[in-house]
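# An overview of the molecular structure
Here is what each chain is made of, one letter per residue.
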Amino acid sequence: MRILITGAAGFLGSHLCDRLLAEGHAVVGMDNFITGNPDNIAHLAGNERFAFYRNDVSNFILVPGKIDAVLHFASPASPNPASPFGYPNLPIQTMKAGALGTHNCLGLCRAHAARFLLASTSEIYGDPQEHPQKETYWGHTDPVGPRSMYDEAKRFAEALTMAYHNYHNVDTRIARIFNTYGPRMHLDDGRVVPNFIQQALRGEPLTVYGDGSQTRSFCYVDDMVDGIYRLLISDEHRPVNIGNPFEMTMLEFAESINRIIGNKAGIVFKQKDRLGDDPQRRQPDITRARNILGWEAKINLEEGVCRTIPYFKEKLGLV
Ligand code: NAD
Ligand code: UDP
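Every chain's residues receive numbers from 1 upward, in the order its sequence appears when written. Going through the entries in the order they are written, you letter the chains from A and number the ligands from 1. Per-residue local features of the predicted model are confined to residues with pLDDT of at least 70, and side-chain atom pairs are confined, for both listing and counting, to 80 or more; whole-chain, interface and lining totals are unaffected and use all residues. With hydrogens and water excluded, all non-hydrogen atoms of the structure serve as input to the side-chain values.

### Here we look at the nonpolar core
Spelled out, the test is: Throughout this description, the term nonpolar core refers to a set of buried Ala, Val, Leu, Ile, Met, Phe, Trp, Tyr and Cys residues connected via side-chain atoms within 4.5 Å. Residue exposure (1.4 Å probe, protein chains only): buried if accessible area is under 20% of the type maximum, exposed if over 50%, otherwise partly exposed. Helix and strand definitions here come from DSSP, where helices need a minimum of 4 consecutive H or I residues and strands a minimum of 2 consecutive E residues; each element is numbered from the N-terminal end. Here a residue-residue contact requires only that any non-hydrogen atoms of the pair lie within 4.5 Å.
The biggest cluster of nonpolar side chains holds 60 residues, and the ones touching the most others in it are Ile5, Leu71, Phe73 and Phe253. Top contributing element to this core by residue count: helix H5 (residues 221–232), with seven residues. If we skip the residues at most four places from it in the chain, Leu71 touches Ile3, Leu4, Ile5, Thr6, Leu16, Leu20, Leu117 and Leu232. Counting residues in hydrophobic clusters, the runner-up holds 21 residues, among them Leu4, Val57, Ile61 and Ala114.

Next comes the structure, spelled out in structure tokens:
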């Protein structure tokens with residue numbers, strides 16, 4: 001296939017480029033670098049099966065030649081308002097990437113009779129009242145809350161995807177992606193994994209927001225990319241959760257990172273830095289991914305963190 005990936009210079013997008021090229025496909029990357037980094041795809045320069053276009057997907061998307069599939073990953077993804085890369089600081093761009101960007105990608109898929117895969121998110125469940133979260137759960141979101149620019153854009157993107165599937169027969173997939181980590185995450189995007197790993201490597205205390213009782217379930221990027229690829233080549237049109245169900249509190253997560261890295265500086269609680277609408281619990285029910293895709297995460301937290309550390313050491317000049 002010849003596959004367009006939007007958000008190709010980002011964390012997940014760049015790993016997907018690598019996987020699709022390794023599977024023998026041709027890849028067209030597109031990005032406007034609003035939160036991504038050209039370094040993430042620099043190693044692909046000169047690959048004759050890779051092409052790149054700098055473009056804002058919220059504007060019209062024009063790609064020369066036939067496209068067989070589009071993976072729409074372009075969107076700011078960090079909730080941290082302290083970061084210039086966080087979606088609270090990029091609210092209009094975030095809503096446009098989810099709404100207009102998704103519309104443009106779906107229009108392109110319709111014109112090319114191409115397959116479409118949407119990078120949706122566990123955030124569509126909001127601060128969930130059902131636990132763990134199954135795909136049948138409708139969610140608990142505030143349309144005007146501090147995360148609304150992201151949550152509602154992704155919810156609209158899912159609805160638009162189903163509309164193009166049901167009305168125009170576009171061959172669509174919806175991946176509900178849960179927290180993912182690994183090399184090529186932006187150092188300053190303020191998400192918990194880059195924050196904790198960098199703090200631990202520098203010998204600083206880890207900043208736990210609130211009382212640290214809120215939970216997340218972290219998936220290593222190679223597992224995530226494998227789940228997304230399996231969904232792409234499946235026939236499943238309904239949403240599928242992709243994530244690692246291993247759930248832990250942010251306090252337990254901080255203690256694990258300090259233990260794995262050998263950081264003796266401990267933890268500091270930043271009560272006021274916890275965001276409004278920060279989900280209290282998050283854990284994917286991956287029964288559908290197991291049954292439909294034959295997929296589950298294989299890489300445990302310790303192994304995933306150890307695979308991620310060299311990237312941060314290099315970026316911090318610690319090697
Ligand atoms: P990222 O910020 O590293 O990557 C996003 C990329 O999209 C960046 O390269 C950015 O420059 C690009 N982009 C943003 N708006 C654009 C636009 N209008 N036009 C062109 N390019 C644009 O973030 P990520 O973590 O790799 O997330 C990628 C996708 O996966 C996002 O859609 C995000 O919502 C989704 N997702 C990620 C996670 C996670 O844990 N990483 C979880 C759930 C969903
Ligand atoms: N968090 C934290 N310390 C940090 C950054 C984040 O305790 O330095 C917490 C945050 O409050 C949230 C969790 O870690 O409960 C995950 O945050 P992240 O920004 O990674 O993404 P989210 O899952 O909220 O989208």
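### Let's talk about the sheet that holds strand S5 (residues 115–121)
What counts here: Strands qualify as paired when DSSP identifies two bridges or more between them. Note on geometry: axes are C-alpha line fits, over the in-contact stretch for helices, and angles between N-to-C directions span 0 to 180 degrees.
Spatially, S3-S2-S1-S4-S5-S6-S11 is the arrangement adopted by the seven strands of the open sheet, whose pairing is parallel. One side of each edge strand has no neighbouring strand; the edge strands of this open sheet are strand S3 (50–54) and strand S11 (240–242). The mean inter-strand angle of the sheet, taken between neighbouring strand axes irrespective of direction, is 20°. Running over the sheet, helix H2 (residues 91–112) touches strand S1 (2–6), strand S4 (69–72), S5 and strand S6 (172–177) and is turned about 175° from S4. Each of S5 and S6 touches helix H3 (residues 148–168); the most contacted strand, S5, lies at about 155° to it.

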